[in-house]
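Here is what each chain is made of, one letter per residue.
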Amino acid sequence: MNDITASLRKELPETIRALPGHSTVGTNDLDAAAAYYDKLLAVFGIGRVLVQPGRAIYYGHRTLEFGVTKPFNGEAAIAGNGNMIAFEAPSRAHVDLAHATALEAGGTDEGAPGPRGPDGGDPYCAYFRDPEGNKFLVYRKGPDEA
């Protein structure tokens, strides 16, 4: 760890994460993607915070946390091989609900909800792909939030 990293770690409380600021996935059909993500992100209490008509829709609680965009270069959006976006859930029940919602809205299963730890415990995870093939993980590590 270098001096700058050590200094930053001392300044940040343990509960604050430094990354990511927000994540985005590309889409070839913004209207269909918006309908999908409106349903999925409602599970987390997240709604639209910025809409750029015909270009992008961003979601969050009060600020940008996730977005779906048409590629700026005008080429087709494609899912990245090896790319995955993870959403932390407040409870195992939210993991189950997010996975079920993703599939009901048109996504595909990549791993049913369940414990993934080496001893059959934490973390509790579920995997899915959106209708355009982007891969997601929803997880809960530790006890459910109160």
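Structure first, text after, so check above.
Residues numbered from 1 in each chain as written. Predicted model: local features only at pLDDT ≥ 70, side-chain atom pairs only at ≥ 80, totals over all residues. Heavy atoms only, no water.

**Here's the deal with the nonpolar core**
In this structure, Tyr37, Phe44, Tyr59, Phe66 and Phe87 are the most contacted members of the largest nonpolar core, which totals 26 residues. Mapped onto this core, the elements with two or more residues apiece are helix H2 (30–42), strand E3 (56–60), strand E4 (66–69), strand E5 (85–88), helix H3 (92–104), strand E7 (124–129) and strand E8 (135–140). If you tally residues by element for this core, the top one is H2, at 7 residues. (Core = buried A, V, L, I, M, F, W, Y, C linked by side-chain atoms within 4.5 Å. Buried < 20%, exposed > 50% of the residue type's maximum accessible area, 1.4 Å probe, protein only. Helix = DSSP H or I, 4+ residues; strand = E, 2+ residues; numbered from the N terminus.)

**Remarks on the side chain of threonine 101**
Along the chain, the position of threonine 101 falls in helix H3. Residue threonine 101 is classed as buried on the basis of its relative accessible area of 13%. Polar side-chain contacts of threonine 101 include one of 2.8 Å to the backbone oxygen of leucine 97. With residues up to four places along the chain from it excluded, the contact list for threonine 101 reads Lys39, Leu40 and Val43. (Polar contact = N/O pair within 3.5 Å; in protein donor to acceptor, adjacent residues only side chain to side chain. Contact = heavy atoms within 4.5 Å.)

**Remarks on the side chain of asparagine 134**
On the secondary structure map, asparagine 134 appears in the loop between E7 and E8. In this structure asparagine 134 comes out as buried when scored by relative accessible area, which is 10%. Each residue touching asparagine 134, except ones within four places of it in the same chain, is listed here: Val25, Gly26, Ala79, Phe128 and Arg129.

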